Amino acid sequence: MIANLLTEQPNPASERIDRMSTRDILRVMNDLDREVAEAVTSAIPRVTEAVDAIVDAIRRDGRLFYIGAGTSGRLGVLDASECPPTFSVPPELVQGIIAGGEAALARATEATEDDPASGARDLDDRGFQPGDVLVGIAASGRTPYVLGAVRRARELGATTVGLSCTPDSELSRAVSIPIEVLTGPEVIAGSTRMRAGTATKLVLNMLSTATMIRLGHVYGNLMVNVQPKNEKLVDRARRIIARAAGVDMERAAELLESSGRNVKTAIVMSRLNVNRAAAEERLRDADGRVSVALGEWPGEP
C-alpha cells in the first residue's frame, strides 16, 4: 500500500515546520538533506554494478535509456540531455523518456504514470533494443508506467536497472540491478521531489559521469571531449590543452588549430611531439583514452 511506503511517512524533524521561522525551516531542510549523501554511499556497490553494465553495453554499440514519471522522469531527461554538451556524445547514446512526453517536462501530467502499457509503448517507439540498458526511475518503486517499460525491456533480454527510494520495492524485484537509496521520510510527507529527488539526481550523475569517464571522455578530471563550437568552448578547449600539455595559451591555441580542433589530438601531439596523423593513430589504438595513448597506464585490466 502507498500509505506504508517509507517516502510517505511523516518526518519527526519537520513535524512542526509550519510554525517555524524562515531560517528554521531552511535549517531543517538543510539538516535533512545532509543525510541524502550518506544514503547514496550505501548504494554505491549497486551503482558500480550498473555503471559496469552500461559501459559494457555501450562498447557493444548499445545505448542507455532512463524512464520515469513526474520528478523521476524529469530528472532522467535532464541527465540525458546534459551528456552531449558535456561529453560530446551523440544525443541518441543517452536518452530520457518521461510519462506524458515533452509536455510533461513543464507541466505535471501524473495520470499517465498509471498506465504500464504506455511505458512499454514509449520504449518501443524509441527503438529500444536487446543490447541497450534501461534505468527505470521511481522513488516509490511502484510506478506502473515504469514497471511496464521494465517488463518490456526484460522481454527483449536487455539489462534493466531500477532506481528507487523504498526498501524491497516492486521495481527492485523486477530488474536485474536494483539500486535502493533509502532517504527516509521527506521534509514534507510524500513530496519525493525533495530528498528522494536529490538522491536520484546524485545517482544519475554517478551513472552517466562514471560511464563517460570509463569510456575515455575524460583525461584526469578534464573535459577533453569538448567540441569548440562557440567562443566560450574555444576558450575552454585552449585552457584544457594548456593544462594537460603544460604549454602557454598561445601554444595551446596553435595546437588546437593544427589538431583539427580536437582537444585529445592536440594534447597527444604536444606531449609526444608527434604530428596530427600520428596522434590520431595513437588515440585510435588506445580506444580514445588519452592516458593510454600517452603511455601513462596500460588501460583497464
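That block above? That's the structure.
Residues numbered from 1 in each chain as written. Predicted model: local features only at pLDDT ≥ 70, side-chain atom pairs only at ≥ 80, totals over all residues. Heavy atoms only, no water.

1. Digging into the overall build of the protein chain
From N to C terminus, the protein chain includes 13 helices and five strands. Along the first, second and third principal axes, the C-alpha atoms of the protein chain reach 65 × 50 × 40 Å. Taking the contacts inside the protein chain whose residues are at least 6 apart along the sequence as the reference set, 63% of them involve residues at least 24 apart. Of the roughly 14800 Å² of accessible surface on the protein chain, 49% is carried by carbon and sulfur atoms. Each charge sign in the protein chain was given a centre, from 36 positive and 41 negative side chains, and these centres are 3 Å apart. (Helix = DSSP H or I, 4+ residues; strand = E, 2+ residues; numbered from the N terminus. Contact = heavy atoms within 4.5 Å. Areas by Shrake-Rupley, 256 points an atom, 1.4 Å probe, with all protein chains shown as cover. Lys, Arg positive; Asp, Glu negative; His and termini not counted. Charge placed at Lys NZ, Arg CZ, Asp CG, Glu CD.)

2. Examining unusual backbone geometry
At Asp61, a position not held by glycine, the phi torsion is positive, near 75°. Structurally, Asp61 is set in the loop between α2 (44-59) and β1 (64-68). Phi at Ser88 takes a positive value of approximately 55°, unusual for a residue other than glycine. One can find Ser88 in the loop between α3 (70-87) and β2 (94-98).

3. Regarding the packing of α2 against helix α8 (residues 195-214)
Viewed as axis vectors pointing N to C, α2 and α8 meet at an angle of 45°, and their least axial separation amounts to 9 Å. The angle between α2 and α8 places the two elements in the oblique class. Like other packed secondary-structure pairs, α2 and α8 cross with a definite hand, here right-handed. Facing Ile44, Val47, Ala50, Val51, Asp52, Ile54, Val55, Ile58 and Arg59 of α2, the residues of α8 in contact are Val203, Met206, Leu207, Ala210, Thr211 and Arg214. For the contact of α2 with α8, the class distribution of residues is eleven nonpolar, one polar and three charged. (Axes fitted to C-alpha atoms, helices over the stretch in contact; angles between N-to-C directions. Parallel < 35°, antiparallel > 145°, perpendicular 65-115°, else oblique. Left-handed = near helix turned anticlockwise from the far one by under 90°. Nonpolar A, V, L, I, M, F, W, Y, C, P; charged D, E, K, R; others polar.)

4. Some remarks on the nonpolar core
Nonpolar side chains in soluble globular proteins generally cluster together in the buried interior. Formed by 36 residues in total, the largest nonpolar core has its most connected members in Tyr66, Val94, Ile179, Val181, Val203, Leu207 and Met212. Listing elements by their share of this core, those giving two or more residues are α1 (22-42), α2, β1, α3, β3 (133-137), β4 (159-164), β5 (177-180) and α8. No other element matches the eight residues that α2 contributes to this core. If you look at the next biggest cluster of nonpolar residues, it comprises 26 residues, including Val226, Leu233, Ala252 and Val268. (Core = buried A, V, L, I, M, F, W, Y, C linked by side-chain atoms within 4.5 Å. Buried < 20%, exposed > 50% of the residue type's maximum accessible area, 1.4 Å probe, protein only.)

5. Points about the environment of Leu202
Within the secondary structure, Leu202 is located in helix α8. Along the backbone, Leu202 and Ala174 are 28 residues apart, and their C-alpha atoms lie at a distance of 22 Å. Leu202 has contacts with Val36 and Val40, leaving out every residue within four places of it along the chain.

6. What about the packing of helix α11 (residues 263-272) against helix α12 (residues 276-285)?
Closest axis-to-axis distance for the α11/α12 pair is 9 Å, and the angle between their directions is 110°. Put simply, α11 runs roughly perpendicular to α12. On α12, the residues that touch Lys264, Thr265, Val268, Met269 and Leu272 of α11 are Arg276, Ala279, Glu280, Arg282 and Leu283. When its residues are assigned to classes, the contact of α11 with α12 shows five nonpolar, one polar and four charged.

7. Some words on the sheet that holds β3
Spatial strand order, β2-β1-β3-β4-β5: five strands in an open sheet with parallel pairing. Of all strands in the sheet, those bounded by a partner on one side alone are β2 and β5. Pairwise comparison of adjacent strand axes, ignoring direction, gives a mean angle of 15° for this sheet. As paired strands, β1 and β3 are joined by five bridges and run parallel to one another. The residue bridging Ile67 from the neighbouring strand is Gly136, located in β3. Contacts from α2 reach β1, β3, β4 and β5 within the one sheet, and its direction differs from that of β5 by about 140°. (Pairing = 2+ DSSP bridges.)

Shape is all these values report; function is a separate question.
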